[in-house]
Amino acid sequence: MSEIIRITEVSQIHQFLGLESPKHPLITVLPIDERMVTANYGNFTFLMDLYQVSLKRGIEGHISYGRNSYDFKDGTMVFTKPNQSMKFSSQENFENVSGWTVIFHPDLIRKSELGKVITNYDFFAYAIYEALHVSNEEQIILSEIVDKIQREYEYIIDRHSQELIVSNIKLLLDYCTRYYDRQFYTRSNLNKDFVAQFESCLQSYYDHEKQLELGVPSVKYFGEELNMSSHYLSDLLKKETGNSAQEHIYNFLMDLAKTKLLSSNEAVSQIAYGLGFEYPNHFSKLFKSKTGMSPVAFRKAV
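These numbers come from a predicted model, not from an experiment. (Residues numbered from 1 in each chain as written. Predicted model: local features only at pLDDT ≥ 70, side-chain atom pairs only at ≥ 80, totals over all residues. Heavy atoms only, no water.)

Draft legend 1. Region of interest: empty space enclosed by the protein. This structure, assessed with the given rule, holds two cavities of 30 Å³ or more. Here the second largest cavity defines a volume of roughly 50 Å³. The wall of the second largest cavity is formed by 10 residues, among which Val78, Phe79, Tyr126, Ala127 and Ile128 lie closest to the centre. Of the residues contributing to the lining of the second largest cavity, the split by class is 10 nonpolar, no polar and no charged. (1 Å grid on protein atoms, 1.4 Å probe; cavity = no way out; pocket = protein on both sides within 12 Å on 5 of 7 lines; lining within 4 Å. Points joined across faces, edges and corners; volume = space filled by probe spheres on them. Nonpolar A, V, L, I, M, F, W, Y, C, P; charged D, E, K, R; others polar.)

The following block contains the structure:
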């Protein structure tokens, strides 16, 4: 088992790479160049308490993220949030390596509006193989924003610096959101296949009565079945159908529940257990929130 190195400060990354101290204690922009690519990362797993946004070009090698290992792709962006583990392999081909990585501490944004909404950027929870692929034009736009961030903390430290740095980080993330939307759109045909697979998996779950053993299905379960992160699956479904994965599951459950309520004399509690709910009151609460009436009232009203 590899040794775990916890990175809690921006300065630790500079020390590890043999760089001078960072210009700002809470943020740094590092070029992805030969020095970074050929650094001796050893047999270490890095657990970072920092956010990282990286654009990588011309790199061949692998990165381990969680339990899986993936190839780097040319012109891709990778996002990580605090408490995510990463492990790097040595890079043998580093000709024409370029790109950048923005690394910042949560304290930088904690009191800002971005600090309140950063969890809304779901791509921080995507897996490496769900990375963002950006065009040359998009890379230029993103790199210009990163240049502004770097100039702010390197040359223009004043009472406006913090706000402008954070504002530009948010701008960077908002553009990435736009480009992810474009990526979902351009892969629409493939995504429709995943929607069909998801719906088939959901039906199969109940056809094989897995709910009696595993309970109400989770988004994580279907993500693993379809080999994607739960956040990516939910966003994919949202873009294609207007409903998140969780909403799909609940809507499916409500259809089953309505059929059971109207076609049998089973007690509400038995219907709840049969759908995989551990506690019948949880089923009744969900049913009322979705239909506007309790299961008993629904059964009487129809």
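From this point on, the discussion continues.
Draft legend 2. A look at the packing of helix 5 (residues 136–155) against helix 6 (residues 161–186). One way to put it is that helix 5 packs onto helix 6 with a least axis distance of 9 Å and a crossing angle of 165°. Judged by the inter-axis angle, helix 5 sits roughly antiparallel to helix 6. Crossing of helix 5 over helix 6 shows left-handed handedness. Between helix 5, through Glu138, Ile141, Leu142, Ile145, Val146, Lys148, Ile149, Glu152 and Tyr153, and helix 6, the contact on the second element is made entirely by Ser161, Leu164, Ile165, Asn168, Ile169, Leu171, Leu172, Tyr175, Cys176, Tyr179 and Arg182. Classifying every residue of the contact of helix 5 with helix 6 gives 14 nonpolar, two polar and four charged. (Axes fitted to C-alpha atoms, helices over the stretch in contact; angles between N-to-C directions. Helix = DSSP H or I, 4+ residues; strand = E, 2+ residues; numbered from the N terminus. Parallel < 35°, antiparallel > 145°, perpendicular 65-115°, else oblique. Left-handed = near helix turned anticlockwise from the far one by under 90°. Contact = heavy atoms within 4.5 Å.)

Draft legend 3. Up close: the nonpolar core. Core analysis: the biggest nonpolar cluster contains 67 residues, and Met77, Trp100 and Phe283 have the highest contact counts within it. Sorting elements by how many residues they give to this core places helix 6 first, with nine residues. Ranked by size, the runner-up nonpolar core spans eight residues in total, among them Ile7, Ile13, Leu30 and Ile103. (Core = buried A, V, L, I, M, F, W, Y, C linked by side-chain atoms within 4.5 Å. Buried < 20%, exposed > 50% of the residue type's maximum accessible area, 1.4 Å probe, protein only.)

Draft legend 4. A look at the packing of aromatic side chains. Inspection of every chain in the model, using the stated rule, returns 22 aromatic pairs. Ring geometry for tyrosine 51 against phenylalanine 104: centres 5.1 Å apart, planes inclined by 15°, an arrangement best described as stacked. Taken together, the residues span a long stretch of sequence, with tyrosine 51 in strand 4 (residues 51–57) and phenylalanine 104 in strand 9 (residues 98–104) at a distance of 53 residues. The same class applies to tyrosine 51 as to phenylalanine 104, namely buried. Residues phenylalanine 287 and phenylalanine 298 carry aromatic rings whose centres are separated by 5.5 Å and whose planes lie at 75° to one another, so their mutual orientation is edge-to-face. (Phe/Tyr/Trp six-rings, centres within 6.5 Å; stacked < 30°, edge-to-face > 60°.)

Draft legend 5. Quick look at helix 11 (residues 245–263). Between the first and last C-alpha of helix 11 there are 27 Å, a value that for 19 residues agrees with the 27 Å anticipated at 1.5 Å per step. Of all the positions in helix 11, only Ala245, His248, Ile249, Phe252, Leu253, Met254, Ala257 and Leu261 are classed as buried. (Expected span 1.5 Å × (residues − 1).)

Draft legend 6. Local environment of unusual backbone geometry. For asparagine 83, which is not glycine, the phi dihedral falls at a positive 75°. With respect to the element layout, asparagine 83 can be found in the loop between strand 7 (76–80) and strand 8 (84–88). Given a relative accessible area of 51%, asparagine 83 falls into the exposed group. Even without being a glycine, asparagine 227 presents a positive backbone phi close to 60°.

Draft legend 7. Just the side chain of glutamine 52, in detail. When you line up the elements, glutamine 52 lands in strand 4. By relative accessible area, glutamine 52 is classed as buried at 11%. Of the polar contacts made by the side chain of glutamine 52, one reaches the side chain of threonine 101; its length is 3.4 Å. Discounting residues that sit within four places of it in the chain, glutamine 52 has contacts with Val78, Phe79, Thr80, Met86, Thr101, Val102, Ile103 and Phe124. (Polar contact = N/O pair within 3.5 Å; in protein donor to acceptor, adjacent residues only side chain to side chain.)

Draft legend 8. Representation of the environment of leucine 226. By the secondary structure assignment, leucine 226 is in the loop between helix 9 (219–225) and helix 10 (230–241). Expressed as a C-alpha distance, the spacing of leucine 226 and cysteine 201, which sit 25 residues apart in the sequence, is 8.8 Å. Not counting residues within four places of it along the chain, the set of residues in contact with leucine 226 comprises Phe194, Gln197, Phe198, Cys201 and Leu233.

Draft legend 9. Quick look at the sheet that holds strand 2 (residues 27–31). Spatially, five strands are ordered 2-9-4-7-10 in an open sheet, and the strand pairing comes out antiparallel. Edge positions in the open sheet fall to strand 2 and strand 10 (132–133), since each of these has one partner strand only. Two elements, strand 4 and strand 9, share seven bridges in a ladder whose sense is antiparallel. Paired with glutamine 52 across the two strands is isoleucine 103, which belongs to strand 9. (Pairing = 2+ DSSP bridges.)

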